[in-house]
Amino acid sequence: MTTPSNGTSERIAKIERTTRESSISVEINLDGTGQTSISTGVAFYDHMLTAFGQHGSFDLTVRAEGDVEIESHHTVEDTAIVLGQAFGQALGDKRGIRRFADAWIPMDETLAQAVVDVSGRPYFVHVGEPDHLLTAAIGGGTPANGKPSVPYNTVINRHVFESFALNARIALHVRVLYGRDQHHITEAEYKAVARALRAAVEPDPRVSGIPSTKGSL
C-alpha cells in the first residue's frame, strides 16, 4: 500500500508492504531534520537506519516485523526495498534538485565514498569491501540484559544498498577505499550514502525545472 503525497511542496511518503516473511512500514520526509524512530528487530540495523536518517536530515520512521528467528536477511532486505520505494515516491518529479552528489566519510581507520545520480535509471556498483565482511556478523548472542540479539551479517551490505537503489530508481556507487573493522566499514557506507543523497535531493537555487536535457527524470 502506498500513501501519495498530499499535494503540497512537502516531500513525504509512506509505504507499507506485507509478505509471508515480513511486514514493513516506512515513512520518510526528505526535508526533515533527522528525527528518527526505528524498530526492525535487528539492533545493529536499527543503528544504521538511525544514522541514515540523522546524517541525511531525513525524518524517518521504520516499523518492521519479520522472521528473524530464521535469520535477519528477509527483514533487512525487505526494509531496504520499502525504504527505496518511499524515497523514490517522496522525490516526486525531482524538479529543482541538484541531482548529482557524492560524500566521503572517514570512520577511524576506514574511508568510504558514495556517489549518486537521482536519474530515474536504477543502477548500483559496490566495490572495495574487505573479504572478511563476507562472513562477519555484528551483534547476536545474549547481552547482559538477557534479551537475545539478532545478528546483522555484513555480507548483506551490498544487497541493502542495491535493493534501495533499484527501488528508489537512482544510480548509486558505493566504495570502501580502506578499512578493517566491520562495524566502522558498514557505518561509514551508510553515512556516506545518506550524505550523498541529502546533497543530491536538496534544492538547487539555480535550477527551476527538471535537471535533465530530456526534461524528465
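Sequence order as written defines residue numbering, which begins from 1 separately in each chain. In view of the model being predicted, local features appear only for residues whose pLDDT reaches at least 70, and side-chain atom pairs are presented and counted only at 80 or more, with totals across whole chains, interfaces and linings using the full set of residues. Neither water nor hydrogens contribute to the side-chain values; these are computed over all heavy atoms in the structure.

Engineer: Outline the packing of aromatic side chains, listing residues and values.
Structural biologist: Pairing of aromatic side chains requires ring centres within 6.5 Å, counting the rings of Phe and Tyr and the six-membered ring of Trp. Pairs whose planes differ by under 30 degrees are stacked, by over 60 edge-to-face, and all others tilted. Applying the stated rule across the entire model yields seven aromatic pairs. When the centroid spacing of 5.9 Å and the interplanar angle of 70° are considered together, the rings of F52 and F164 count as edge-to-face. Here F164 lies in helix α3 (residues 157-168) and F52 lies in helix α1 (residues 43-56), a separation of 112 residues in the sequence. Buried, partly exposed and exposed residues are distinguished by accessible area as a fraction of the type maximum, computed with a 1.4 Å probe on protein chains only: under 20%, between the cut-offs, and over 50%, respectively. Looking at F52, the relative accessible area reads 4%, which means it is buried. To qualify as a helix, a DSSP run of H or I must reach at least 4 residues; to qualify as a strand, a run of E must reach at least 2; elements of each kind are numbered from the N terminus.

Engineer: So what about a nonpolar patch on the surface? Which residues, and what values?
Structural biologist: The patch calculation keeps residues exceeding 30% relative accessible area without a salt bridge and links them within 9 Å when they carry like charges or within 5 Å when they are nonpolar (Val, Leu, Ile, Met, Phe, Trp, Tyr). Throughout, the Shrake-Rupley method with a 1.4 Å probe supplies accessible areas, and for residues the shown protein chains are the sole cover considered. For this document, the term salt bridge refers to a Lys or Arg side-chain nitrogen within 4 Å of an Asp or Glu carboxyl oxygen. A surface patch of nonpolar side chains, about 310 Å² in accessible area, is lined by W104, L177 and Y178. Structurally, L177 can be placed in strand β11 (residues 171-178). Using a relative accessible area of 34% as the deciding quantity, one classes L177 as partly exposed.

Engineer: Describe the pairing of strand β7 (residues 110-117), naming the residues involved and giving the relevant values.
Structural biologist: Here is the key point about a regular strand: its side chains alternate between the two faces of the sheet. With respect to burial, β7 is a largely interior element, seven of its eight residues being buried. Note: strand β6 (residues 100-107) against β7, eight bridges, orientation antiparallel. Note on β7: the bridge partner recorded for W104 is Q113. By the convention used here, strands pair only if DSSP detects at least 2 bridges between them. In textbook terms, the turn of a hairpin is the stretch between consecutive antiparallel strands, and for β6 and β7 this stretch comprises two residues, one of which, D108, has a positive phi near 55°. In terms of strand pairing, β7 meets β11 through seven bridges, oriented antiparallel. Bridge pairing links A114 to V174 in β11.

Engineer: I'd love a proper account of empty space enclosed by the protein, names of residues and values included.
Structural biologist: Here the idea is plain: a probe the size of a water molecule rolls over the atoms and shows the empty space left. The way it works is a 1 Å grid over only the protein atoms, where trapped points that fit a 1.4 Å probe form a cavity and open points with protein on both sides within 12 Å along at least five of seven lines form a pocket, and then any residue with an atom within 4 Å of a point lines it. Grid points are joined across faces, edges and corners, and a volume is the space filled by probe spheres set on the points. A full pass over the atoms with the stated rule returns one cavity of 30 Å³ or more. Around the largest cavity, the lining residues are Y45, L49, F52, L83, V160, F161, F164, Y190 and V193. Where the lining of the largest cavity is concerned, the elements lending two or more residues are α1, α3 and α4 (182-201). Along the lines of polarity and charge, the residues of the lining of the largest cavity split into nine nonpolar, no polar and no charged. Polar here means any residue other than Ala, Val, Leu, Ile, Met, Phe, Trp, Tyr, Cys and Pro, which are nonpolar, and Asp, Glu, Lys and Arg, which are charged; Gly is therefore polar.

Engineer: Can you lay out unusual backbone geometry for me, pointing to particular residues and giving the numbers?
Structural biologist: Despite not being glycine, R99 shows a phi value in the positive range, around 80°. Take R99: it is sitting in the loop between α2 (73-91) and β6. For R169, which is not a glycine, the phi torsion comes out positive at approximately 60°. Of note, R169 is situated in the loop between α3 and β11. Given the relative accessible area of 45%, R169 is considered partly exposed.

Engineer: Describe the environment of T186, and please don't skip the residues or the numbers.
Structural biologist: By the secondary structure assignment, T186 is in helix α4. Overall, T186 belongs to the buried group, its relative accessible area being 0%. What makes two residues a contact is simply this: any of their non-hydrogen atoms within 4.5 Å. If we skip the residues at most four places from it in the chain, T186 touches F44, M48, L133, I138, Y152, T154 and N157. For T186, the side chain forms a polar contact with the side chain of N157, separated by 3.0 Å. Contacts described as polar in this section are N or O atom pairs within 3.5 Å, which, within protein, must combine one atom able to donate a hydrogen with one able to accept it, while residues neighboring in sequence count only if both atoms come from side chains.

Engineer: Could you give an account of the side chain of H126, naming the residues involved and the relevant values?
Structural biologist: Within the fold, H126 resides in strand β8 (residues 123-127). In this structure H126 comes out as buried when scored by relative accessible area, which is 8%. Side-chain polar atoms of H126 contact the side chain of R158, separated by 3.1 Å. Polar contacts involving the side chain of H126 include one to the side chain of E189, which spans 2.7 Å. Among all residues touching H126, those that are not within four sequence positions of it are R158, V174 and E189.

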